[in-house]
Amino acid sequence: MTTTRKVAVITGAAQGFGQSISIGLAKRGVDIVAVDLAASDETIRAVEDAGTRGVGLIADVSDPDTTGRLEALLRKDFGRCDILVNNAGIYPNVPITQVDYALWQRVQRINLDSQFLMVKAVLPLMMDRKWGRIVNITSNSVALVVPGLSHYIASKAGVIGFTRGLATDVAEYGITVNAVGPTASLTTGGKAHIKPEHIEELARTQVIKRPGTAEDIVGTVLFLAGDDSAFVTGQTIMADGGLVRL
Ligand SMILES: NC(=O)c1ccc[n+]([C@@H]2O[C@H](COP(=O)([O-])OP(=O)(O)OC[C@H]3O[C@@H](n4cnc5c(N)ncnc54)[C@H](O)[C@@H]3O)[C@@H](O)[C@H]2O)c1
């Protein structure tokens, strides 16, 4: 069975940016597979309210077994995959003197290795249809002075490198790959884990002088996930209030 609507996989879809992106895509008529460690019930309800189908997959995106589980779900429930938004990530602020190798590896696995693992799940389905959109979430911190984030910045700079390399390898299959970099934002995780004074300080430095919200990267992701961006690939767009210019 192959469904008629486009199908998007969104990782980290239970809350924050991932939830807002899922709802934004659903409003454009796209079915959603919400992958998260946590249940994505709230996201699925909002997707269905928007009029498309939502399916949750509770899974760790950094676990290599998730690749096969996700591909099997896509083949069985939809028969296709058109869009992947690699959004799941963690951003623990820890001074380098206290970052041990276990934390370093955990951050690389969840923020970077997971993007490779999810790409492996969707690539065969996108190649079948000769159309695909992959959007990887990075961070404007790769170009900023932010203490306590060297492990995180390394992972997010890796995302930009992966985006560039992958864009080259999959272009012949009609697949584009781009990255979007938010600023420190008032998402669910941002409110819980980023010091409010850091978010305020960045907001003052941005040219658009207000903190980012969970909605502020949705439009950029929708553009890169749609037909209108067909000639854009390998790029990183900072959707960050004009702070970092590439
Ligand atoms: N919020 C910010 O200030 C900010 C700024 C720049 C970049 N980002 C990036 O945006 C992305 C989303 O951030 P957010 O603020 O919405 O985060 P969030 O904490 O609000 O949501 C992240 C979601 O990812 C899920 N997740 C975490 N690890 C996972 C794993 N191993 N497997 C599956 N799911 C997992 C969590 O359960 C959660 O639902 C991240 O990649 C983050 O690095 C965020």
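Data block above holds the structure.
All of these numbers come straight from a predicted model, not from anything done at the bench.

Quick word on the environment of Leu-74
Inspection of the secondary structure puts Leu-74 in helix H3 (residues 65-77). Separated by eleven residues in the primary sequence, Leu-74 and Asp-63 place their C-alpha atoms 17 Å from one another. Residues in contact with Leu-74, not counting those within four places in the same chain, are Val-7, Val-9, Val-33, Gly-79, Arg-80, Cys-81, Val-122 and Leu-125.

A look at the nonpolar core
Generally speaking, soluble globular proteins have nonpolar side chains that are buried together. Judged by nonpolar contacts, the single largest core of 29 residues is most densely connected at Val-9, Val-33, Val-35, Leu-70, Leu-74, Leu-84 and Ile-134. Those elements giving two or more residues to this core turn out to be strand E1 (7-11), strand E2 (31-36), strand E3 (54-58), H3, helix H4 (101-129), helix H5 (150-170) and strand E6 (175-182). If you tally residues by element for this core, the top one is H4, at eight residues. When sequence neighbours within four positions are dropped, the list of residues in contact with Leu-84 reads Val-9, Met-118, Val-119, Val-122, Met-126, Arg-133, Ile-134 and Val-135.

Considering the site of the ligand
The ligand sits among 28 residues. The nearest are Asp-36, Tyr-91, Tyr-152, Ser-185 and Thr-187. In the environment of the ligand, an oxygen atom lies 2.8 Å from a nitrogen or oxygen atom belonging to the backbone of Gly-189. For the ligand, whose unbound accessible area comes to 830 Å², protein coverage reaches 93%. Among the detected pockets, the ligand sits in the largest pocket. Secondary-structure elements contributing two or more residues to the shell around the ligand are helix H1 (16-27), H5 and helix H6 (188-193). A breakdown of the residues in the shell around the ligand according to their chemical character gives 13 nonpolar, twelve polar and three charged.

Comments concerning the packing of aromatic side chains
As enumerated under the stated definition, the model contains one aromatic pair in all. On the numbers, 6.2 Å between centres and 75 degrees between planes, the contact of Tyr-91 with Tyr-152 is edge-to-face. Highlighted residues: Tyr-91 in the loop between strand E4 (83-86) and H4 and Tyr-152 in helix H5, separated in sequence by 61 residues. Note that Lys-6 overlies the ring of Trp-131, its terminal NZ or CZ placed 4.3 Å from the centroid. Its end group placed over the ring of Phe-78, Arg-53 keeps NZ or CZ at 4.5 Å from the ring centre.

Quick look at unusual backbone geometry
What you tend to see is this: most non-glycine residues have negative phi, and most peptide bonds are trans. A positive phi angle, near 55 degrees, is found at Lys-130, a position not held by glycine. Looking at where Lys-130 falls in the secondary structure, it is placed in the loop between H4 and strand E5 (132-137). Take Lys-130: its relative accessible area is 51%, and that puts it in the exposed class.

Rules used in this analysis
Residues numbered from 1 in each chain as written. Predicted model: local features only at pLDDT ≥ 70, side-chain atom pairs only at ≥ 80, totals over all residues. Heavy atoms only, no water. Helix = DSSP H or I, 4+ residues; strand = E, 2+ residues; numbered from the N terminus. Contact = heavy atoms within 4.5 Å. Core = buried A, V, L, I, M, F, W, Y, C linked by side-chain atoms within 4.5 Å. Buried < 20%, exposed > 50% of the residue type's maximum accessible area, 1.4 Å probe, protein only. Near = heavy atom within 4 Å. Polar contact = N/O pair within 3.5 Å; in protein donor to acceptor, adjacent residues only side chain to side chain. Areas by Shrake-Rupley, 256 points an atom, 1.4 Å probe, with all protein chains shown as cover. 1 Å grid on protein atoms, 1.4 Å probe; cavity = no way out; pocket = protein on both sides within 12 Å on 5 of 7 lines; lining within 4 Å. Sits in = over half its atoms within 2 Å of the grid points. Nonpolar A, V, L, I, M, F, W, Y, C, P; charged D, E, K, R; others polar. Phe/Tyr/Trp six-rings, centres within 6.5 Å; stacked < 30°, edge-to-face > 60°. Lys NZ or Arg CZ within 6 Å of the ring centre and 35° of its normal.

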